[in-house]
Amino acid sequence: MNNEFMYNMPTRLIFGAGRISELAETPYLPGEKALIVIGAAGAMKKYGYLEKVETCLKKNGVEAVVFNKVLANPVTENVTDGAACARESGCDFIIGLGGGSSIDAAKSIAVMAANEGDYWDYMQAGTGGRKVPKNKALPLVAIPTTAGTGTESDPWTVITKSNTNEKIGWGRDDTFPVMSIIDPELMLSVPPKMTAYTGMDAFFHAAECYIANVNQPASDLFALEAIRIITKYLPVAVNKGSDIEARTKLAWASTEAGICESLSCCIAHHSMEHAVSAYYPDVPHGAGLAMLSVAFFSYVAEKNPERFSDMARAMGEEVDSLGEGEKPFAFIAGLKKLIKCIGIDDETLSGYGVKKEDIPKLAENAINAMGFLYDLTPVELTLKDTISIFERAYQ
Ligand SMILES: [Zn+2]
């Protein structure tokens, strides 16, 4: 355990089935006119979630404008257009409604609605301009409809710059949502594959935060709990999406893994996946992580096995009867079982069209765009090591 840490989680979390209705009466809305940011695919309309949110806001005396152009992997243009829409319509706060893409885009729109220039001017890594925004972002309310990114309880927003293939996370204190309503009833409609991918994303947020060298006591508690819940309930929700108990457990696991991302941090596993989905946007983030995970975590477990037994125990794996050298690999065994159990063990990088000869380019991108996570990884990883993990993961 690290003996020095900072604890800051300023988001009001309203959690529970059916609690979306409280939008109609909550006194905590941070403004009078909202820009509701949703995905371009139309799911929020199709399932009636947008209408529900609009009706509740109206009852609460809040006007709303909808921005519905966010892509599944949001790009800088979505941020520019959304921010212009917020300014032109005089919105004083932003609501992100949907999966991680919509909420992440909403966070970046909240920054750019209040600041001049181009979004990438403020990006702190890669080819970003590293400027500091002059003004505070507009306040943000997050309403997640998937259990995965944890963006409802962290300050991070991941946006892709298409022309340079950079997919980079960024955040500040003012990009924490001021309030998040986590209603598992809004997650009942997520299809099985997407449930599996988003659930694995949350799983890796917890696992990476647990072994990151910036781990701390509170994130440790949440991380092991999220690992335990996801191992138990993700297979249930994948097989029976209408199971509200499983959806509720997973919604909390995603949110607590998001808290882990606020208190500790993800590591190079996420840098490597962002490189894959920056070049191949059809790779769902959680699928990319799962495909890289066995090679990545095996590599770390060999060099720095210290915290792996705890995670294996949280997954329900037998650890104590094993020899010292075998204990960390009980986590790898549990991980393989979970991936199989949720039916994504047959997915391969080549199946998504990733070419083997791209590996050096992907490894360089992981380090150039998201190298800051390498510093938090509990083993030293060079470009050569990164290439070798990609090669081991490649099928
Ligand atoms: Zn993630």
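Since the structure is predicted, the reported quantities are computational estimates derived from the model, not experimental observations. (Residues numbered from 1 in each chain as written. Predicted model: local features only at pLDDT ≥ 70, side-chain atom pairs only at ≥ 80, totals over all residues.)

Asker: I tried to follow the sheet that holds strand β2 (residues 33-39) on my own but got confused; where do I start?
Answerer: The strands making up a sheet are joined through hydrogen bonds of the backbone, oriented either antiparallel or parallel. One open sheet accounts for six strands, arranged β1-β8-β5-β4-β2-β3; its pairing is parallel. The outermost strands of the open sheet, each flanked by one partner alone, are β1 (12-15) and β3 (63-70). Pairs of neighbouring strands in the sheet enclose a mean axial angle of 20 degrees, with direction left out of account. Along the sheet, helix α3 (residues 76-88) makes contact with β2, β3 and β4 (93-98), crossing β3 at roughly 165 degrees. (Pairing = 2+ DSSP bridges. Helix = DSSP H or I, 4+ residues; strand = E, 2+ residues; numbered from the N terminus. Axes fitted to C-alpha atoms, helices over the stretch in contact; angles between N-to-C directions. Contact = placed C-beta atoms within 7 Å.)

Asker: Any chance you could explain the nonpolar core here in plain terms?
Answerer: Membership of the largest hydrophobic core comes to 131 residues, with the highest contact counts inside it found for Val-37, Ile-94, Ile-109, Ala-206 and Ile-227. For this core, the domains that each give at least three residues are domain 1 (12-187) and domain 2 (192-393). Residues in contact with Ile-94, not counting those within four places in the same chain, are Ala-34, Leu-35, Val-37, Ala-86, Ala-106, Ile-109, Ala-110, Leu-138 and Leu-140. (Core = buried A, V, L, I, M, F, W, Y, C linked by C-beta atoms within 7 Å. Buried ≥ 20, exposed ≤ 12 C-beta atoms within 10 Å, placed from the backbone. Domains from an automatic or database assignment.)

Asker: Is there a simple way to think about the packing of helix α9 (residues 285-303) against helix α13 (residues 383-393) in this case?
Answerer: Helix-helix packing is characterised by the crossing angle of the two axes and by the distance between the axes. Two elements in contact, α9 and α13, have axes whose closest approach is 8 Å; the angle formed by their N-to-C orientations is 130 degrees. When the axis of α9 is compared with that of α13, the two are oblique. The way α9 lies across α13 gives a crossing that is right-handed. Where α9 approaches α13, its residues Met-291, Leu-292, Ala-295, Phe-296 and Tyr-299 are matched on the opposing element by Ile-389, Arg-392 and Ala-393. Classifying every residue of the contact of α9 with α13 by side-chain character gives seven nonpolar, no polar and one charged. (Parallel < 35°, antiparallel > 145°, perpendicular 65-115°, else oblique. Left-handed = near helix turned anticlockwise from the far one by under 90°. Nonpolar A, V, L, I, M, F, W, Y, C, P; charged D, E, K, R; others polar.)

Asker: What's the story with α13 in this structure? I'm lost.
Answerer: It helps to recall that an α-helix has 3.6 residues per turn; residues three or four apart then point in one direction. Buried residues of α13: Thr-386, Ile-389, Phe-390 and Ala-393, and no others. Across the axial projection of α13, the buried residues extend over an arc of 100 degrees, all falling on one side. Where α13 is buried, its residues touch α8 (268-279), α9 and α12 (359-370). (Arc of directions from axis to C-beta.)

Asker: Looking at this structure, how should I read the domain arrangement of the chain?
Answerer: A common way to express how large an interface is: the accessible area buried when the components associate. In terms of domain boundaries, the chain breaks down into domain 1 (12-187) and domain 2 (192-393). Each of domain 1 and domain 2 was reduced to a C-alpha centroid, and the two centroids are 25 Å apart. At the junction of the two partners, domain 1 supplies 25 residues and domain 2 supplies 31 residues. Counting only elements with at least two residues in the side of domain 1 that touches domain 2, the list comes to β1 and β7 (166-170). Sorting elements by how many residues they give to the side of domain 1 that touches domain 2 places β7 first, with three residues. Of the residues belonging to the side of domain 1 that touches domain 2, the class tally is 11 nonpolar, 10 polar and four charged.

Asker: Can you help me understand the environment of Ile-181 in this one?
Answerer: Within the secondary structure layout, Ile-181 lies in strand β8 (residues 179-182). Put simply, Ile-181 and Ile-14 are 167 residues apart on the chain and 4.8 Å apart in space, counted from C-alpha to C-alpha. Those residues in contact with Ile-181 that sit more than four places away from it in its chain are Ile-14, Arg-19, Ile-20, Glu-22, Leu-23 and Ile-143.

Asker: I keep staring at the packing of helix α6 (residues 217-239) against helix α7 (residues 244-263) and nothing clicks. Help me out?
Answerer: Where α6 contacts α7, the axes come no closer than 8 Å and their chain directions differ by 150 degrees. When the axes of α6 and α7 are compared, the pair comes out roughly antiparallel. Taken as a pair, α6 and α7 cross one another with a handedness that is left-handed. From α6, Ala-218, Ser-219, Phe-222, Ala-223, Glu-225, Ala-226, Ile-229, Ile-230, Tyr-233, Leu-234, Val-236 and Ala-237 reach across to α7, where they touch Ala-246, Arg-247, Lys-249, Leu-250, Trp-252, Ala-253, Glu-256, Ala-257, Ile-259, Cys-260 and Leu-263. Its residues assigned to classes, the contact of α6 with α7 shows 18 nonpolar, one polar and four charged.

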